[in-house]
Amino acid sequence: MISHRLPQTQQAYGTAYEQLLEKVRHKGAYPTAEKADEAVRLVLAGLGRQLTGDERVDLAACLPLEAARVLTGQIPDPRPLTGWAFVKDLAVRSGASQAVTRWDTGSVFSAVAAYAGPELTTRILRRLPGGYALLFGRAELVPAGLSVGNPRLKEDLSPIEAGS
């Protein structure tokens, strides 16, 4: 019997995961599915360290199996990061610039939001600290009493948005 093996640089993915990669590849203008896969794995692992509760379980149920495994294979951090701190953390872990990491995060979160739908995405954003809405392609609503000049809010904004 002849066995066919994929080269070590390729992995066999399920069709649903390939579709997720294609969405991310298109959204992020990545040249290959492999680059999209790197972004998906980095960002979903990071999200898995931040997201807890029913939102984590419900999101995993919406995602293709390979993506759900990346998300749920992480132990949640007891000190959740703001959106901007999340991007900075991923940049350090990946060795990429913060600008590239911000692009990767937005590309992946855009696809994740499409799988999750608007209701679950809203629940996820309520569960996470401030600063994630923009990463998911949504407007960041500021609670009454906070302004862009407020130091508590400033850490949630990118340096460009915060004026630094």
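Our structure's up above, just so we're on the same page.
Residues numbered from 1 in each chain as written. Predicted model: local features only at pLDDT ≥ 70, side-chain atom pairs only at ≥ 80, totals over all residues. Heavy atoms only, no water.

(A) Inspection of the overall build of the protein at higher detail. When you go through the protein residue by residue, the secondary structure sums to eight helices and zero strands. Pairs at least 24 residues apart make up 63% of the contacts formed inside the protein by residues separated by at least 6 positions. Here the protein displays about 9,600 Å² of accessible surface, and carbon together with sulfur accounts for 55% of that area. (Helix = DSSP H or I, 4+ residues; strand = E, 2+ residues; numbered from the N terminus. Contact = heavy atoms within 4.5 Å. Areas by Shrake-Rupley, 256 points an atom, 1.4 Å probe, with all protein chains shown as cover.)

(B) Highlighting the packing of aromatic side chains. Throughout the structure, instances matching the rule amount to three aromatic pairs. Where Phe86 meets Tyr132, the ring centres are 5.4 Å apart and the plane angle is 55 degrees; that geometry is what we call tilted. With a gap of 46 residues between them, Phe86 in helix H5 (residues 83-94) and Tyr132 in the loop between helix H6 (98-127) and helix H7 (151-154) connect regions that are remote in the sequence. The same class applies to Phe86 as to Tyr132, namely buried. Relative to Phe136, the ring of Phe109 has its centre 4.1 Å away and its plane inclined at 10 degrees; by these criteria the two rings are stacked. (Phe/Tyr/Trp six-rings, centres within 6.5 Å; stacked < 30°, edge-to-face > 60°. Buried < 20%, exposed > 50% of the residue type's maximum accessible area, 1.4 Å probe, protein only.)

(C) Representation of the pattern of salt bridges. Scanning all chains against the criterion turns up six salt bridges. In this structure, the salt-bridge partner of Arg123 is Glu55, at a minimum N-O distance of 3.6 Å. In this pair, Arg123 is assigned in helix H6 and Glu55 in helix H3 (residues 53-62), connecting sequence segments 68 residues apart. Classification of Glu55 by relative accessible area gives buried; the value is 11%. The network of salt bridges with shared partners includes Glu55, Asp58, Arg123 and Arg127. (Salt bridge = Lys/Arg side-chain N within 4 Å of Asp/Glu carboxyl O.)

(D) Broad picture of the side chain of Glu66. Take Glu66: it is sitting in helix H4 (residues 65-72). Put simply, Glu66 is tucked away with no salt bridge, and the nearest opposite charge, on Arg69, sits 6.4 Å away. Reaching out from Glu66, the side chain makes a polar contact with the backbone nitrogen of Gly14 at a distance of 2.7 Å. (Lys, Arg positive; Asp, Glu negative; His and termini not counted. Polar contact = N/O pair within 3.5 Å; in protein donor to acceptor, adjacent residues only side chain to side chain.)

(E) Just the packing of helix H1 (residues 15-28) against helix H2 (residues 33-50), in detail. Packing of H1 against H2 leaves a shortest axis separation of 9 Å and a crossing angle of 95 degrees. Classed by the angle they form, the pair H1 and H2 counts as roughly perpendicular. Contacts between H1 and H2 involve Tyr17, Leu20, Leu21, Val24 and Arg25 from the former and Ala33, Ala36, Asp37, Val40 and Arg41 from the latter. Classifying every residue of the contact of H1 with H2 gives seven nonpolar, no polar and three charged. (Axes fitted to C-alpha atoms, helices over the stretch in contact; angles between N-to-C directions. Parallel < 35°, antiparallel > 145°, perpendicular 65-115°, else oblique. Nonpolar A, V, L, I, M, F, W, Y, C, P; charged D, E, K, R; others polar.)

(F) Structural detail: H2. For H2, which comprises 18 residues, the first-to-last C-alpha distance of 26 Å matches the rise-based estimate of 26 Å (1.5 Å per residue) to within 8%. Where burial is concerned, most of H2 is hidden: 13 out of the 18 residues are buried. (Expected span 1.5 Å × (residues − 1).)

(G) Just the environment of Ala91, in detail. Counting through the fold element by element, Ala91 comes out in helix H5. For Ala91, a relative accessible area of 6% corresponds to the buried category. For the pair Ala91 and Thr101, spaced 10 residues apart in sequence, the C-alpha to C-alpha distance is 5.6 Å. Non-local contacts of Ala91, meaning those with residues more than four positions away in its chain, are made with Ala96, Ser97, Gln98 and Thr101.

(H) Quick look at the packing of H2 against H4. Viewed as axis vectors pointing N to C, H2 and H4 meet at an angle of 45 degrees, and their least axial separation amounts to 7 Å. Classified by the angle between their axes, H2 and H4 sit oblique to one another. Residue-level inspection shows Arg41, Leu44, Ala45, Leu47 and Gly48 of H2 in contact with H4, the latter providing Ala67, Val70 and Leu71. Considering only residue class, the contact of H2 with H4 consists of six nonpolar, one polar and one charged.

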